[in-house]
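Each chain is listed here by its residues.
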Amino acid sequence: MFGIVRPCRHRLGEKLTAQWTAHLCGLCLALRGDHGQLARIVTNYDGLLISVLTEAQADPGGSTGRRTAGPCPLRGMRTASVAHGEGARLAAAVSLVLASAKVRDHVADGDGLLARRPVALAARRVAAGWDRAGARTGSDVGFDTAVLVDAVDRQTGIESLAGPGTPILTVTEPTETATAAAFAHTAVLAGRPRNAAPLAEAGRLFGRLAHLLDAVEDREADAASGAWNPLTATGTSLDEARRLADDAVHGIRLALREAEFTDGGLAHRLLVHELPNSVRRAFGMPSCAHGSHPYAPPGAPGAPGGPTPPEPPRRDRRGLLAGCAVWLGLACTCQLCCGTYEDPWTRERKEGCLHNCDCDCCDCCECCNCCNCGGEDGCCSGCDCGCDC
């Protein structure tokens, strides 16, 4: 799973969490339906935004909507209402192409096992297959994924020429172009061509934000491994990256005001309320106002200023082949996307995206942290998302 929009289910609330899960399951099932079980591993948090935006603009009873999915182990073998239609298929096409780009990027950097030639060769073949699969599905919904592939190809050339003094926005431009095209096509699918321009602008800024936050989060690890990082390569400071990220969040908010939605509650919540949390999380700031345990006395483990709690003892690790076998089983049942599972190699308990909460609270609403309430440009100005601040 990858992506910058990782909402806390306690902030979303029951209704929006159900909608978000429906789009996540819809993306996963669209990948499986068109491209087989293995394709489900490219299910990602940001890809489902395409499905969310399409449904938010669509007229009730149109070509987009919900269907009842069959039993799934991650739902306790229960059925569920999931998103389906052209929006979910467009999200699947975009996810496949972007996942392909991510694989090729890791191959180019020689990350982990991908530094070995046989593994890198196999990864390139998988990535090429995803490109072709994404193109087929994109063509079915009227979207030419060539714009995404072209952006990925140009990215490599731009990075090879970038150096100290190169504007960081020169490096983020291909990502901006790709996401702008994907966001704009949701307006075409929903039959709202007037929304194409504002959504293209929102997508362009979202692509910029995703690229910047990814660079910020990987900065230290890239420095340790010697991998290429856009901030380090161009000499862009964290302060400048933060300024650009905040500007992008503000621009997305303004662009969405120009679009017309049938039911934009979830899209508004994810792109207006959750993006500031993504920025704070990337820059190492608490994204939840209740991040500290309210009952931890000063000096106690886990309290501010207290010692770091001891890590639990590590359990017996699986070997490489055994871990790979377990990983394949988890991927085929979608447990890597959601649910609770053991890490295939370390055996540590992990929770998937359905439980992916970035706060330590049980009833978290940080509405007034993300809104300039009452101000002309506040994110809740004129919205109907239930923010009472």
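Please read all numbers here as calculations on a predicted model, not as lab measurements.

Draft legend 1. Inspection of the pattern of salt bridges at higher detail. Inspection of the entire model under this criterion finds 17 salt bridges. With a closest N to O distance of 2.9 Å, Arg89 and Asp34 form a salt bridge. Taken together, the residues span a long stretch of sequence, with Arg89 in helix α3 (residues 86-109) and Asp34 in helix α1 (residues 9-35) at a distance of 55 residues. Accessibility expressed as a relative area gives 34% for Asp34, which makes it partly exposed. A salt bridge links Glu274 to Arg269, with the nearest nitrogen and oxygen atoms 3.6 Å apart. Each of the two residues, Glu274 as well as Arg269, counts as buried. Salt bridges sharing partners connect three or more residues here, namely Glu176, Glu201, Arg204 and Arg208.

Draft legend 2. View of the nonpolar core. Residues Phe206, Leu209, Leu270, Leu271 and Leu275 are the most contacted members of the largest nonpolar core, which totals 70 residues. No other element matches the 10 residues that helix α7 (residues 196-225) contributes to this core. With residues up to four places along the chain from it excluded, the contact list for Leu271 reads Leu49, Leu53, Phe183, Phe206, Ile252 and Leu256.

Draft legend 3. Representation of the packing of α1 against helix α2 (residues 48-57) within the structure. In contact at an axis separation of 9 Å, α1 and α2 are set at 120° when each is read in the N-to-C sense. It follows from the interaxial angle that α1 and α2 lie oblique. The crossing of α1 and α2 is right-handed. Contact residues: α1 offers Trp20, His23, Leu24 and Leu27, while α2 offers Leu48, Ser51, Val52 and Glu55. Considered class by class, the residues forming the contact of α1 with α2 number 5 nonpolar, 2 polar and 1 charged.

Draft legend 4. Quick peek at α3. Look at α3: 35 Å from first C-alpha to last across 24 residues, which is about the 34 Å you get at 1.5 Å a residue. After α3 finishes, the residue Gly110 shows a positive phi value of roughly 65°.

What counts as what
- Residues numbered from 1 in each chain as written.
- Predicted model: local features only at pLDDT ≥ 70, side-chain atom pairs only at ≥ 80, totals over all residues.
- Heavy atoms only, no water.
- Salt bridge = Lys/Arg side-chain N within 4 Å of Asp/Glu carboxyl O.
- Helix = DSSP H or I, 4+ residues; strand = E, 2+ residues; numbered from the N terminus.
- Buried < 20%, exposed > 50% of the residue type's maximum accessible area, 1.4 Å probe, protein only.
- Core = buried A, V, L, I, M, F, W, Y, C linked by side-chain atoms within 4.5 Å.
- Contact = heavy atoms within 4.5 Å.
- Axes fitted to C-alpha atoms, helices over the stretch in contact; angles between N-to-C directions.
- Parallel < 35°, antiparallel > 145°, perpendicular 65-115°, else oblique.
- Left-handed = near helix turned anticlockwise from the far one by under 90°.
- Nonpolar A, V, L, I, M, F, W, Y, C, P; charged D, E, K, R; others polar.
- Expected span 1.5 Å × (residues − 1).

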